[in-house]
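Here is how the chains run, residue by residue.
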Amino acid sequence: MNVMLSTGKRIPVEMHKVRIVQQTRLVPIRRRLEAVTEAGYNTFLLRTKDVFLDMLTDSGTNAMSDNQLAAMMVSDDAYAGSESFYKLADAVKDVLGFSYTMPVHQGRAAEHLLAKVFVKPGDAVVMNYHFTTTKAHFELAGATVLELYTDEALNTQSTNPFRGNLDLRKFKEAIEKYGAARIQLVRMEATTNLIGGQPFSIKNLREVKALAAEHGIPLVFDGSLISENAYFIKEREPEYANWSIAEIVREMMSVVDIFYLSARKSASVRGGMIATNNKEYYDRLLAWLPVYEGFATYGGMSTKEIEAMAVGLREMTDVNVAGASPQLIEYFVGRLLENGIPVVTPPGGLACHLDAKRFVPHLPQSEYPAGALAAAIYLASGIRSMERGTISMDRDASGNEVYADLELARLAVPRRVYTMSHIEYAVDRLTWLYRHASLVKGLRFVEEPKVLRFFFGRLEAVDDWGAKLAGAFETELGPE
Ligand SMILES: Cc1ncc(COP(=O)(O)O)c(C=O)c1O
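These notes cover the structure that comes with them. Along each chain, the written sequence defines residue order, and numbers are assigned to residues from 1. Only residues with pLDDT of at least 70 get local features here, since the model is predicted, and only at 80 or more are side-chain atom pairs given and counted; chain-wide, interface and lining totals rely on the full set of residues. Water and hydrogen atoms were dropped before computing side-chain values, which therefore reflect all heavy atoms in the structure.

Notes on the layout of surface pockets
Points on a 1 Å grid over protein atoms alone make up a cavity when a 1.4 Å probe fits among them but cannot get out, and a pocket when they form an open set with protein on both sides within 12 Å along at least five of seven lines; lining residues each have an atom within 4 Å of a point. Grid points are joined across faces, edges and corners, and a volume is the space filled by probe spheres set on the points. The computed volume of the largest pocket comes to approximately 1,600 Å³. Counting residues per element, the ones that place at least two in the lining of the largest pocket are helix 2 (66-72), helix 13 (319-322) and helix 14 (324-338). Numbering of helices and strands runs from the N terminus, with a helix taken as a DSSP run of H or I at least four residues long and a strand as a DSSP run of E at least two residues long. In terms of residues, the lining of the largest pocket owes the most to one element, helix 14, which gives four residues. Following the grouping adopted for this structure description, the nonpolar residues are Ala, Val, Leu, Ile, Met, Phe, Trp, Tyr, Cys and Pro, the charged ones are Asp, Glu, Lys and Arg, and the polar ones are all others, Gly among them. Class assignment of the residues belonging to the lining of the largest pocket gives a composition of 19 nonpolar, 14 polar and eleven charged.

In structure tokens, the structure reads:
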């Protein structure tokens, strides 16, 4: 909850208390240099023993509630007909309003099934923005992914509250160009992960639905961060200021044909699911579920996690749960702006994103500025962030680089995990790094996988800049 202090300053105050803790440690800069070198300057390849604050992702890294943990103790491990599944189905019905629920092992498994069932080579799918795994699945199934974001979406210094909106004019043009029969679905991602966790408005969602329905195109909703999108609607779309998160969620769902999510985010568990009220869609998807995931009542998830998901879905509609991460991110972004650091605005739903094109403007995209910045952040702080730029794009069929629209280093803020002093530490080290940004040079691949190369690719630092940055750090700030 944002509380106003007697000084007039507003701060995010945690509406939960810490009952279980996990120890973390800050290894010295010399070890950080070794670790990042061993990891091929790819933060995915760091070991957590070398990481102080793990801000790689908010996926599966959130603090679970006492009620979620308690629910895990009473799970029903039956292969078929598990009572745990029925608790999940009830929660889906109550919170989202869907009658058919299908657990899957995580979000990309839902995308795999949707791509398999809905598209064939030559088809197109429309999105407000892609996510890495979404794009990979639809393209592997032979579809063209059309990202019809608004012009404002890529402005990293925006004040537009809904940069995740889909551009209706571009959607109409796409229907004219491809023909509605080839566009198998329109997917709205709440909130758009790769452009900074930016939400869309209910107004936009309704307009997208109206146009899609006119042409018989199903609306698919990626609700991985549904509670954060709902929170932003409450905060930023005046008509909904007095609505509860639960009411906003139901309002969004009233126009959705197929819902899916990675439950690793808003729902704070490790799993995923697809839900719909359309029996025909359900049956088509269900046919493939046992082939790729598991029986209808567990779908590749542990029943413990299914129990926790049922609780997590209900809890995410509490405004203090939905707002926990956005409020800390808002504080984080505000503090960085005070220090003149180039950070993406407005603050988004899952992370604080640094704009690498402005942080290290001397680096061309061919030298992967966002990847270099993520490695430099680790060196300067022990904080693990994630590259969300050109390394996160794969080369085209001819082997040419596909330059990302944005070069971002993402510092995720997992729900209910970090505190204000962690954020202040991050602000201090990022400010130091910004003052020394000229020491950060580019990266080049030494091992480059063809698909989703950001996960396992290994790189090296041009001109051994990591050692120079570490040297400057040690001289000014000492061993840690
Ligand atoms: C918006 C969105 N969709 C889909 C996924 C894929 O989900 P998972 O990582 O559970 O496979 C993610 C993961 O980060 C995501 O952010």
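Next comes the rest of the write-up.
Here we look at helix 12 (residues 303-315)
One full turn of an α-helix is made of 3.6 residues, so residues set three or four places apart face in the same direction. To estimate how far a helix should extend, the number of its residues minus one is multiplied by 1.5 Å. In a regular helix each residue adds 1.5 Å, so 13 residues correspond to 18 Å; helix 12 covers 18 Å between its end C-alpha atoms and thus fits that length. Exposure categories follow from relative accessible area, calculated using a 1.4 Å probe and restricted to protein chains: below 20% of the type maximum is buried, above 50% is exposed, and the middle band is partly exposed. Here helix 12 lies mainly inside the structure; eleven of its 13 residues are buried. Residues of helix 12 that are buried: T303, E305, I306, E307, A308, M309, A310, V311, G312, L313 and E315. Contact criterion: two residues are considered in contact whenever any of their non-hydrogen atoms come within 4.5 Å of each other. Buried residues in helix 12 make contact with helix 2, helix 3 (83-95), strand 4 (100-104), strand 9 (258-262), strand 10 (272-276) and helix 13. The opening residue of helix 12, the one whose side-chain oxygen lies 3.1 Å from the backbone nitrogen of K304, is S302. Polar contacts, as counted here, are pairs of nitrogen or oxygen atoms within 3.5 Å of one another; within protein the pair requires one atom able to donate a hydrogen and one able to accept it, and residues that are adjacent in sequence qualify only if both atoms are side-chain atoms.

Quick look at the sheet that holds strand 14 (residues 408-412)
Pairing between the strands of a sheet comes from backbone hydrogen bonds, and it takes one of two forms, parallel or antiparallel. Two strands qualify as a pair provided DSSP detects at least 2 bridges between them. Taken in spatial order, the three strands make up an open sheet running 11-14-13, and their pairing is antiparallel. The sheet is open, and its two edges are formed by strand 11 (351-355) and strand 13 (386-388), each paired on a single side. Taking each pair of neighbouring strands and ignoring which way they run, the sheet shows an average axis angle of 30°. In this structure, strand 13 lies alongside strand 14, joined through three bridges in antiparallel fashion. Lines fitted to the C-alpha atoms define the axes, with helices restricted to the stretch that makes contact. Angles between their N-to-C directions range from 0 to 180 degrees.

Describing the site of the ligand
Only heavy atoms are used to decide nearness, and a residue is near a molecule or strand if one of them lies within 4 Å of it. Q106, R108, N193, D222 and S262 are the nearest of the 13 residues found near the ligand. Q106 places a side-chain nitrogen or oxygen 2.8 Å from an oxygen atom of the ligand. Separating an oxygen atom of the ligand from a side-chain N or O atom of K265 is a distance of 3.2 Å. For every accessible area listed, the method is Shrake-Rupley and the probe measures 1.4 Å; residues are considered covered only by the protein chains on display. For the ligand, whose unbound accessible area comes to 390 Å², protein coverage reaches 97%. Occupancy of a cavity or pocket is assigned to a molecule whenever over half of its atoms lie within 2 Å of that pocket's grid points. Judged by the proximity of its atoms to the pocket grid, the ligand belongs to the second largest pocket.

Side note on the pattern of salt bridges
Salt bridges are defined by distance alone: a side-chain nitrogen of Lys or Arg within 4 Å of a carboxyl oxygen of Asp or Glu. Applying the stated criterion across every chain yields a total of 32 salt bridges. Here D54 and R384 are joined by a salt bridge, their closest N and O atoms 2.9 Å apart. On the criterion of sequence distance, the pair formed by D54 in strand 3 (residues 53-54) and R384 in strand 12 (residues 383-384) is long-range, its members being 330 residues apart. Classification of R384 by relative accessible area gives buried; the value is 6%. The closest approach of N and O atoms between R270 and E305, which form a salt bridge, is 3.2 Å. Of this pair, R270 sits in the loop between strand 9 and strand 10 while E305 sits in helix 12, and the two are 35 residues apart along the sequence. On the basis of relative accessible area, R270 is assigned to the partly exposed category, the value being 30%. Through salt bridges with shared partners, a single network forms among R31, E34, E38, K49 and D50.

A closer look at the sheet that holds strand 9
Taken in spatial order, the seven strands line up as 4-10-9-8-7-5-6 in an open sheet, and their pairing is mixed. Only two strands of the sheet have a single neighbouring strand rather than two, namely strand 4 and strand 6 (144-147). The mean inter-strand angle of the sheet, taken between neighbouring strand axes irrespective of direction, is 20°. Pairing geometry for strand 5 (residues 124-127) and strand 6, over four bridges, is parallel. Bridge pairing in strand 6 places V125 opposite V145. Contacting strand 4 and strand 10, helix 3 crosses the sheet at an angle of about 125° to strand 4.

Looking at unusual backbone geometry
Here the residue pair A190 and T191 is connected by a cis peptide bond, since its omega of -15° sits within 30 degrees of zero. As for its placement among the helices and strands, T191 is situated in the loop between strand 7 (183-189) and helix 7 (202-214). Between T345 and P346 the backbone carries a cis peptide bond, its omega angle lying at -5°. With respect to the secondary-structure elements, P346 resides in the loop between helix 14 and strand 11. Positive phi outside glycine occurs at Y41, with the angle close to 50°. Y41 gets classed as buried once you look at its relative accessible area, which sits at 6%.

Focus on the packing of aromatic side chains
To pair, rings of Phe, Tyr and Trp, with the six-membered ring standing in for Trp, must have centres within 6.5 Å; the planes then decide the type, stacked if under 30 degrees apart, edge-to-face if over 60, and tilted in the middle. Summed over all chains, the structure comprises 21 aromatic pairs. An angle of 45° between the planes, with centres 6.2 Å apart, marks the rings of F455 and F456 as tilted. Grouped by ring-pair contacts, the aromatic residues F44, F454, F455 and F456 constitute a single cluster. Residue placement shows K170 over the ring face of Y149; its charged tip is 5.3 Å from the ring centre. Only Lys NZ and Arg CZ are tested; either one counts as a charge over a ring when it is within 6 Å of the ring centre and within 35 degrees of the ring normal. Note that R388 overlies the ring of F454, its terminal NZ or CZ placed 4.7 Å from the centroid.

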